[in-house]
Each structure stands twice: as structure tokens, then as C-alpha cells.
Amino acid sequence: MARSALSRDEVLDAAAALVREHGPAALTMRRLAAELGTAVTSIYWHVGNRESLLDALVARTVADLGAIRPHGATPAERMVSVARSLRRALRERPHLVAMVHERGLTERMFLPAQRALVHEAHAAGLRGAAAARSVRALQFQVVGYVLVERNRERAPAQSPAEEELWRGEDAEADGPLARALAAPIDTEQLFVDSVRALVDGLLAGAAGGTGDGDVGRGPYSL
């Protein structure tokens, strides 16, 4: 029996879940209706046709990334928190982010995180080109890291594996180094370490970071 009551948000929630798990190709109006236990006509009534539904999912994804809020006691801590939240948001919805990119809205999607980083850069004493570099360096770090993570996750099994490649003699007789490189990667900790080091370096010159030279625009896209 078809459901008698259904909201637009429920339709979008179910559609987003399908895209997250199976990709956009899996999202058909018939499959979505089956997931929700309703008639296809009800789906059309709430969200229009499939293209309108995809547009709504893109708009929601852009809004979701706009909900990132910094936290922490210092500008540096808050900048790291924005980077961590952005990475988590991108990893949670890769197919949806790809749809945003395909519609030419990548810059718009990242704007709220950029604004949050600008605020913290200013709070740390950076201005002008130095502040712009800090924002862009952190964004490139997040996006690049997510791309590397996804490539590693989708790569075929490696032979020889890392644990087989690293031996004491390959690590210049540094046994602890060899063992560490052969161990599974803690991607979360590695990300935090790299972002903290980047932020520390960017803010190290905050006292003199008042330059306002020209900074070329660069693409930020997955």
C-alpha cells in the first residue's frame, strides 16, 4: 500500500541515501518510490522530474557544506577544525559532491568554509595576500587529501604490499621507521598532523602577514 503522507524532505533524504550508496545512476523515480513505499506520481508531486530532483540534491549539498562551523580556543585550532569538518563532509558524500562539481557550483559550495577560514586568518593577524594563501593552502590540502584517500580505497590490492616493501635496509637501517611505514595508515591522525603543521607554518609569519599583493584565482574542485 502506498503511503498516504510524504514530505519533500523525506523524498530528498531517501534520494540522497541512494546516491551516497550507489551513485547517481541508481537514482530512478521508480526505485525511489519503492524505497519510500509510495507511488511514482507522489515523488513527481513533491520534487518534479528527475532533473529537478538532482538539482534539489545539489542545492542541499551546497547548503550542508555551508553548515560548517569552526570551534576551538585559538584561530589555529579553529582553522584545523574547519579543515577536519570539510574533509568529513566531502568524504561522506562523494557522489553528491561530484554532482555539485558537474553543475559548476564547486566554488559556491566551498565559499562558506573559505569565509570561516578568512575570519580565523584575520583573527590570527594575517591580512591580504598572506590571508588568501592560508585559505587556499588549507583548501588544497583538504581536497587533495580526500582525493588521495579515495584513490587508495579504490585501488586494486597491491603486490607486493607496503609491509613487504619496507625492510630495515630499505629504510637506511632505521627499524622503527620501516615498521611504521609498513603499518596501516591512520588517515585521520595523519590528516590532523599535516593540517596542524600547515596551519602553524602559515601563521608563523602572522605578525608581518599584512601584504596585499595580487593573488591569482585558482580552481578548487574534486
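Coordinates for the structure precede this section.
Residues numbered from 1 in each chain as written. Predicted model: local features only at pLDDT ≥ 70, side-chain atom pairs only at ≥ 80, totals over all residues. Heavy atoms only, no water.

Draft legend 1. Broad picture of the layout of surface pockets. In this structure, the largest pocket occupies an estimated 350 Å³ of space. Lining the largest pocket are 17 residues, and of these R152, A155, Q158, E162 and I185 sit closest to its centre. Taken together, the elements giving at least two residues each to the lining of the largest pocket come down to α8 (128–154) and α9 (162–165). Residue classes in the lining of the largest pocket are distributed as ten nonpolar, two polar and five charged. The computed volume of the second largest pocket comes to approximately 180 Å³. Surrounding the second largest pocket, H71, T74, A76, E77, V80, S81, R84, S85, R88, R196 and D200 form its lining. Elements supplying a minimum of two residues to the lining of the second largest pocket: α5 (75–92) and α11 (187–203). (1 Å grid on protein atoms, 1.4 Å probe; cavity = no way out; pocket = protein on both sides within 12 Å on 5 of 7 lines; lining within 4 Å. Points joined across faces, edges and corners; volume = space filled by probe spheres on them. Helix = DSSP H or I, 4+ residues; strand = E, 2+ residues; numbered from the N terminus. Nonpolar A, V, L, I, M, F, W, Y, C, P; charged D, E, K, R; others polar.)

Draft legend 2. Focus on the side chain of T61. Note on placement: T61 falls in helix α4 (residues 50–65). Given a relative accessible area of 1%, T61 falls into the buried group. Within the local environment of T61, its side chain forms a polar contact with the backbone oxygen of L57, the two atoms lying 2.8 Å apart. Setting aside residues up to four positions removed in sequence, T61 forms contacts with R93, L96, V97, V100 and M109. (Buried < 20%, exposed > 50% of the residue type's maximum accessible area, 1.4 Å probe, protein only. Polar contact = N/O pair within 3.5 Å; in protein donor to acceptor, adjacent residues only side chain to side chain. Contact = heavy atoms within 4.5 Å.)

That is the geometry; function is a separate question.
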